[in-house]
Structure formats: C-alpha cells, structure tokens
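Chains, contacts and geometry: an overview
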Amino acid sequence: MPYLEIDKLSYKYEEQWVLENISFTGEEGELIAIVGPSGCGKTTILKTIVGILSPQQGSIRINSDDITSSSIESRNIGYVPQNQALFPHLSVFENIAFGLRAQKLGRKSVKDKVHELAKLSELSDVLNRKPHEISGGQQQRVALLRALAPSPKLLLLDEPLSNIDSQLREQLAIYIRRIQKESNITTLFVTHDLEEAKMLADKIVVLNLGMILQDGSPVEINNNPKSIEVAIALGLKNLYKITSMRKNEEAKSLILMSEIGDIEINIPDDFDFSTKIKGIYINPTQISIAKTPYYSNNSFEGKVISVIPEPMFNQVTLLVLISSKFEKVDKNDIKVLRIHIPGSECDFHISEPVYCYIQEAALKIFE
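Figured I'd write up the structure that's included with this text. (Residues numbered from 1 in each chain as written. Predicted model: local features only at pLDDT ≥ 70, side-chain atom pairs only at ≥ 80, totals over all residues. Heavy atoms only, no water.)

1. A look at the overall build of the chain
Each helix and strand in the chain was counted, giving 9 helices and 20 strands. Counting only C-alpha atoms, the chain reaches 80 × 45 × 35 Å along its principal axes. Across the chain, every contact between residues at least 6 apart in sequence was considered, and the portion connecting residues at least 24 apart equals 65%. A total accessible area of about 18200 Å² is found for the chain, and carbon and sulfur atoms account for 47% of it. Here the chain holds 40 positive side-chain charges and 47 negative ones, and the gap between their average locations is 6 Å. (Helix = DSSP H or I, 4+ residues; strand = E, 2+ residues; numbered from the N terminus. Contact = heavy atoms within 4.5 Å. Areas by Shrake-Rupley, 256 points an atom, 1.4 Å probe, with all protein chains shown as cover. Lys, Arg positive; Asp, Glu negative; His and termini not counted. Charge placed at Lys NZ, Arg CZ, Asp CG, Glu CD.)

2. So, helix α4 (residues 107-120)
Along its 14 residues, α4 runs 20 Å from first to last C-alpha, staying within 8% of the 20 Å computed at 1.5 Å per residue. At its buried positions, α4 is contacted by α3 (92-102) and α5 (136-148). Positive phi appears at E122, one or two residues downstream of α4, with a value of about 60°. (Expected span 1.5 Å × (residues − 1).)

3. Focus: unusual backbone geometry
Even without being a glycine, K8 presents a positive backbone phi close to 50°. Even without glycine at this site, N63 takes up a positive phi of about 55°.

4. Some remarks on α5
If you check α5, its first and last C-alpha atoms are 18 Å apart, about what 13 residues at 1.5 Å a residue would give, namely 18 Å. Taken across its 13 residues, α5 has 12 buried, putting it largely inside the fold. Taken together, the buried positions of α5 are occupied by G137, Q138, Q139, Q140, R141, V142, A143, L144, L145, R146, A147 and L148. (Buried < 20%, exposed > 50% of the residue type's maximum accessible area, 1.4 Å probe, protein only.)

5. Observations concerning the environment of G29
Assignment of secondary structure puts G29 in the loop between β2 (16-26) and β3 (31-35). Given a relative accessible area of 4%, G29 falls into the buried group. Considered as a pair, G29 and V304 are 275 residues apart in the sequence and their alpha carbons are 42 Å apart. Leave out the neighbours within four places in its chain, and G29 touches Q180, K181, N184, I185, T186 and D202.

6. As for the environment of E310
Examined against the element boundaries, E310 turns out to sit in strand β16 (residues 299-310). Remark: the alpha-carbon pair of E310 and H340, spanning 30 residues in sequence, is separated by 9.6 Å.

7. Remarks on the environment of L145
Residue position: L145 is located in helix α5. Here L145 is in contact with I96, L117, A118, S121, L123 and Y175, once residues within four sequence places are set aside.

8. Concerning the sheet that holds β2
Strand order in this open sheet of 4 strands is β2-β1-β4-β5, and the pairing throughout is antiparallel. At either margin of the open sheet sits one strand with a lone partner, and together these are β2 and β5 (65-66). One ladder, built from 2 bridges, connects strand β4 (residues 57-62) with β5; its direction is antiparallel. Bridge pairing in β5 links I62 to D65. Most of the contacts of helix α1 (residues 42-50) go to β2, to which it runs at about 70°, and overall it touches β1 (4-13), β2 and β4. (Pairing = 2+ DSSP bridges. Axes fitted to C-alpha atoms, helices over the stretch in contact; angles between N-to-C directions.)

9. Structural notes on the sheet that holds strand β14 (residues 279-282)
Taken together, the 5 strands give an open sheet; going across it, the order is β13-β12-β11-β14-β20, and neighbouring strands pair in antiparallel fashion. Every other strand in the sheet has two partners, leaving β13 (261-266) and β20 (363-366) as the edge strands with one partner each. Taken over all neighbouring pairs, the strand axes of this sheet differ in orientation by 40° on average, direction set aside. With 6 bridges connecting them, strand β11 (residues 239-248) and strand β12 (residues 253-258) associate as antiparallel partners. By the bridge assignment for β12, I242 is matched with S258.

10. Side note on the pairing of β16
Where β16 meets strand β19 (residues 353-358), 5 bridges bridge the pair, whose relative direction is antiparallel. Across the sheet, residue E301 finds its bridge partner in β19, namely Y355. As paired strands, β16 and strand β17 (residues 315-322) are joined by 8 bridges and run antiparallel to one another. Bridge assignment links G302 to a residue of β17, and that residue is I322. Once β16 ends, the chain turns through 4 residues before running back antiparallel as β17, passing N314 with a positive phi of about 50°.

These figures capture arrangement, not role.
Now the structure itself:
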C-alpha cells in the first residue's frame, strides 16, 4: 500500500478547473518532484494536500488515513510556501520552535530540539537574529526546519530553490536531499526546473493545464518523454519542429527536415508514412562534440556561442549554432543545439568551430 495516495483530485476556482482528476502515489521516504510551467496547478496541489484549499472531488490519503476533509491542524503536514512565510517579528529560534510549542512540548524539550536542528543545519550562530538579518539561503533553511521540527507525516516544498543566489543553490539542494533522507519523510517538491527535479527526485510527476501528462523516474522522464506536450511542459530545449520528411530506401531510414538541418533515423519495416511527425527531441547528454570532423549521418558543423558551467550537475552546457543556420538565423528565434558534457571534459570556447554527432539513442520523435 503506498504511503501517499492522491486519487482523482479535482479543484475548481469559480468556473475554471485548475486540477482535473489528478492521481499519483508516493512511497514512504520518497521525494516526488511535481514539474510543469507556471500556472499549471503545481501549487494548488500542495494547497489542497495541506488543507488550505478544499477539493471539489477526489481524496487524499496518508498512510491509509483519509485526510481530505480533516482540519489543517490535524493533518500534521509540514509546508514551506514559495515566500517562506517566516514570522518577521520572531527570532530564528522562535520561528523553528513555533510548531513544537503548538504541540505543547516542555520548554527544555523545545530548546533541545531547536538546538539539535540548528546544529545540523549550521544555524547555531544565528538563532537570536530576525529573518531579515540573515541570508536568503539561511532563511530557506529556517523555513525548512520550522516545517520539519514537529515531525510531520508529509513535507511539502514549493519552489524551495527559487530566488536563491546561484552559488547557494547547489549547497541548499544537497542540504534538502540530505535532511529529507535522514528524516525518511515523504516529500513533495514543486519546481519548474527539470534539472533540479532530476538531481533531487526519486520520482517526477509532469503537470500541465491541471492534468498529469506523465510520471516516472527522472531518467525515464528525461530520456523518454511520451509526447510533445510533455516535452514542452518540461521545458526541454533540444525540441525542434519537423517541416517535411523523406524515405532513404537504400538505408531503410527516414530523413527529417528540421529547424537545425536534416536528421536521419532508423525506422521499422512497417513504418506508416502517412504518420504526421510534429517534432523531434534530441537528448543533450547523448551528443558527441569534438574539434575534428565526424564522418557519419547526423553529424553537424557549428560554432560555440555559449559555455555555461553548471557545477550543481557536474557538467557544462554548450550552445552550438549549426552552420546551416549561420546566415539565416533570426535574432528573436535562435535555434541552437544544446549539449551537456562533464565539466572535466570541457575544452571549448565561444566562437570556436566544432563538430557534433547526434547518437541514434538521443533521438525521440513525436507524432
């Protein structure tokens, strides 16, 4: 039996359905990322689970207990909203202690618990400060500890890495994952960033327009989005329109004319050529790049237009403008090939000519 069960959850605001028949499950100790564009219903899911909003349909069960109609106080759910909602007039100590005092614990028990959590989170030196006197990363940790202190049944985090300095995001992400695993608390983590979800989550739920489009492991979701709608909702970058296609009879392959050039893919003997292909996704982790030419299908010459270090993911992202686009690129709609390579292997520079080879496994077509 799953620890968390969301079954056919629906929520309507005035005449507009914000959530429609949302169903997913989570195991005890699992971290589930809910991913999708702004306005798709991610925060609404959290608010219905915590009890701020009451769904018109469906049920919410934690450890087999139906909490759909329970009061907020009785649900015992830790919730960290996007704005953190720390009490500005209370010290860091008092913020963390707030939920413990609501449980009517003794003064010594509250003090010992707060100091234990503060030591674990490297906040012992700021316990007497007010929220505005500490950094954004420290504020986020305080909000997380305040939610964790009462030992909740479930933890909900709404965009916890947003509005955090890029240098602190990796540190905070690692901290969240460590605390979550040490606490063994089932956690829902809302984000619009697939890379964050891939790094932190055990499971990803893709949401758009109030409906679940796909769920699965981070590897499955990233490598095999089941529709172009999923790819768009995830914000996948190497997603290109197909303008036309033709068959290579000799090679038994299909040549797709895309926005970055012709791409050839192998096809089964029974492929239906009346199929309308909407687009193609190229996995950025399965593209080879070198300073010398590749002599193969799906090889492209280009130039590097951006080198983006991403230490959080131990990688560098290269943006490569393919040569066929050099003369006809629209400044307002630059179509480039995004490539992820390990940071230790990056020896490329802006404006440098390069050669790219797209592996067959990198290609995913959408009908």
